[in-house]
Amino acid sequence: MKILAVIPARGGSKGIPKKNIRLLAGKPLIAYSIQNALACTGIDDVYVSTDSDEIAEIADDYGAGVIRRSHDLSGDLVTLDPVIFDAVSRIEAAKGYTYDFVITMQPTSPLLKPESLSAAIDSIRNGSSDCLISVVNKPHLAWKSQNGKLVPAYEERRNRQELPPYYLETGAFVISRRSLITRDTRMAGTISVFPISDNEGIDIDDKNDWVLSEALLGRKRIIFRADGYARLGMGHIYNCITLAYAMIEHDVLLVIQEDSSEGIKKVKETNLPYQIIRREKEVDGIIESFKPDIWVCDKLNTTVDTVSHLKELVPRVVTIEDLGPGTRYADAVINALYTDRDLKGENIYSGWKYVCLRDEFQIERPNRFSDRVRNVMIMFGGTDPSNFNRMLYDIISRIALKYKTVNFNFIVGIGYDTDGNGLHSIEEKNIFVYSDVQRVTKYMKQADLAITSQGRAIFEFACMGVPAIVLSQNEREKTHSFASMEHGFINLGTEKEVDSDLIENTLDWLINTRAVRENMYNLMLKYPLREGLRHVRDIILGK
């Protein structure tokens, strides 16, 4: 059984001048159809029918045969049927044999996948159809003109996913039995359709189609690797979710350890694609299956062996918040929590310029500075491993009546057990406990003062202009250099370095000292933190 693919390509495109040979994502448009056809083992010969010397030369460069089309078959009004018949007849005469099937492939469908074309060939080979047309399924509520009136083109209104199939032809391919191809038609006998994805079905007819196709062809496949649980905290998970959302035009996958129960719960809420692993060795299989262009590792202290092994499997490897020896071998290392004084190297991007603020912080803006403190916000991340929440709860429960006009709002994360730790609202003391809130900016906008840990939340409070007292969950967190008075924070150190009196006195001082809080507020708002997400996107993508 022999199969011929014919790609008709005139040189006289008017909508987009020289469309068939213009560079799309770095390659001539016609190259995509040629390469797709050549990648299908079921296709014996691939030819381009053209009236253009330039197209003929490019087709030859990419491995296709060329049939020079006559002038009378090159006009604007000439249909494809006589063009395909002419090409098939001349190729068969030159080859000395007859084909069983002929595939017409338009050069304007660059996103068709070779595996889709191969599946269509198998379908017509093994079925009873004489002609197979590529289509996209586009069920919609539509209207039509009938007897001068607009009437529904549907029987009853339903949700789109409940509507019956409605197939639109694409230019990706038409597969026809050779015996049915004439000057007048390629579509005869029993005709069937072969659905392909919306992206594969894009036909480039105008500039908008071109822009969309170029964007889709430029997509990267990106794996984000992070964990999140009580002892580790949730910062790595939140950061990767933020980046995955910011790269929605690319194909992303989150990979997470099965013991990261809190992290898995949060990832599930996002509806982002994810995969759970039991052992780190399983990532090799995921890489083989997903075939990522970029691996983003938001984990502490990578080793040389880990990064070197990833570099053998993935073209680009990026690590985040990483001080391990593996950073020497990564393509890029992004550490917003550390400064250039902490890290050296051409592949290192460190400091506040590379913080990734979540969407809600990109759109919200801080309130004006308030002379009086009416709301104090207490937030220690998704899990609070040092249980600072309980420490502050005990302190504030004891002193709250001293501040009768101040509300104390505890914002506790997804991995913190409020019941087990005895945290509950006490309205008569203006103490309120909120668990796993969806938008923390709602409370930050109201806050005049905050108490928080020294992770990524320091950037969130800074961007919202909330003066903050900072406590460190561990020695490593203590080295996060942005949480200093230079940037509007009072840093008290780790759990071992503070006691109730120090926290109480600092809180009382800030509540009653307007000038200090205003200075902290102004220092925080000096930094354009919202620009960091764009910088990190570009670094990950290698721009």
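What you see as residue numbers is a count from 1 along each chain, following the sequence as written. Where local features are concerned, this predicted model is filtered to residues with pLDDT of at least 70; where side-chain atom pairs are given and counted, the filter is 80 or more; whole-chain, interface and lining totals use all residues. Only heavy atoms go into the side-chain values, all of them from the structure, while hydrogens and water stay out.

Caption draft 1: The state of the cysteines, seen in detail. In what follows, a disulfide is any cysteine sulfur pair within 2.5 Å. The final tally for this structure, using the stated rule, is zero disulfides. In this structure C40 is not part of a disulfide, and its nearest cysteine sulfur, from C131, lies 17 Å away. No disulfide involves C356; its nearest neighbouring cysteine sulfur is the one of C240, lying 9.2 Å away. The cut-offs for exposure are 20% and 50% of the maximum accessible area for each residue type, with area from a 1.4 Å probe on protein chains only; residues under the lower value are buried, those over the upper are exposed, and the others partly exposed. We classify C356 as buried; its relative accessible area is 11%.

Caption draft 2: Quick peek at unusual backbone geometry. Notably, K18 is not glycine yet its phi reads approximately 55°, a positive angle. Here N301, not a glycine, exhibits a phi torsion of approximately 55°, which is positive. What counts as a helix is a DSSP run of H or I of at least four residues, what counts as a strand is a run of E of at least two, and both are numbered from the N terminus. You can see N301 is positioned in the loop between strand 15 (294–297) and helix 9 (304–313).

Caption draft 3: Broad picture of the sheet that holds strand 15. Only strands joined by at least two bridges in the DSSP assignment are considered to pair. Ordered in space as 14-13-12-15-16-17-18, the seven strands form an open sheet in which the pairing is parallel. Of all strands in the sheet, those bounded by a partner on one side alone are strand 14 (274–277) and strand 18 (348–350). Adjacent strand axes in the sheet meet at a mean angle of 20°, parallel and antiparallel pairs treated alike. Summarising the sheet, strand 15 and strand 16 (residues 316–320) pair through four bridges and their orientation is parallel. Bridge assignment links I294 to a residue of strand 16, and that residue is R316. Axis geometry follows a simple rule: fit a line to the C-alpha atoms, using only the stretch in contact for helices, then measure angles between N-to-C directions, giving values from 0 to 180 degrees.

Caption draft 4: Highlighting the pattern of salt bridges. Salt bridges, as used here, are contacts in which a Lys or Arg side-chain nitrogen is within 4 Å of a carboxyl oxygen on Asp or Glu. Within this structure, the stated rule accounts for 29 salt bridges. For R90, the salt bridge goes to D86, with nearest N and O atoms at 3.2 Å. A residue pair is termed a helical-turn pair when its members lie 3 or 4 positions apart in one helix, as R90 and D86 do in helix 3 (residues 80–95) at four residues. With a shortest N-O distance of 3.8 Å, D251 and R219 are connected by a salt bridge. Taken together, the positions of D251 in strand 13 (residues 251–257) and R219 in the loop between helix 5 (207–217) and strand 12 (221–225) put the pair 32 residues apart, joining distant regions of the chain. The structure contains a network of salt bridges with shared partners spanning R225, D227, E280 and K299.

Caption draft 5: The arrangement of the layout of surface pockets in detail. Grid points spaced at 1 Å over the protein atoms alone were grouped into cavities, where a 1.4 Å probe fits but cannot get out, and pockets, open sets with protein on both sides within 12 Å along at least five of seven lines, with lining residues defined by an atom within 4 Å of a point. Grid points are joined across faces, edges and corners, and a volume is the space filled by probe spheres set on the points. Volume-wise, the second largest pocket comes out at about 530 Å³. As for the second largest pocket, its lining consists of 20 residues, of which L111, L112, K113, L217 and R219 are closest to the centre. Elements with a contribution of two residues or more to the lining of the second largest pocket: helix 1 (29–38), helix 4 (114–126) and helix 5. Among the elements that line the lining of the second largest pocket, the one with the most residues is helix 1, at three residues. Here the term charged refers only to Asp, Glu, Lys and Arg, the term nonpolar to Ala, Val, Leu, Ile, Met, Phe, Trp, Tyr, Cys and Pro, and the term polar to all other amino acids, Gly among them. The residue inventory of the lining of the second largest pocket, partitioned by class, reads seven nonpolar, four polar and nine charged.

Caption draft 6: View of the nonpolar core. Only buried residues count toward a nonpolar core, which is a set of Ala, Val, Leu, Ile, Met, Phe, Trp, Tyr and Cys residues joined through side-chain atoms within 4.5 Å. If you look at the biggest cluster of nonpolar residues, it comprises 35 residues, and the most contacted ones within it are I378, L392, F408, F410 and L507. The element contributing the most residues to this core is helix 11 (residues 388–399), with seven residues. Any two residues whose heavy atoms approach within 4.5 Å at even a single point are treated as in contact. Apart from residues no more than four positions distant in its own chain, L392 is found in contact with I378, F380, F410, I451, L471 and I503.

Caption draft 7: Quick peek at the packing of helix 6 (residues 235–246) against helix 17 (residues 532–541). The interhelical angle for the contact between helix 6 and helix 17, taken along N-to-C directions, is 80°, at an axis separation of 11 Å. Comparing their axes, helix 17 and helix 6 come out roughly perpendicular. Contacts between helix 6 and helix 17 involve T242, L243 and A246 on the former and, on the latter, L533, V536, R537 and I540. Each residue belonging to the contact of helix 6 with helix 17 can be placed in one class, and the counts come to five nonpolar, one polar and one charged. Here the angle decides the label: under 35 degrees means roughly parallel, over 145 means roughly antiparallel, 65 to 115 means roughly perpendicular, and every other value means oblique.

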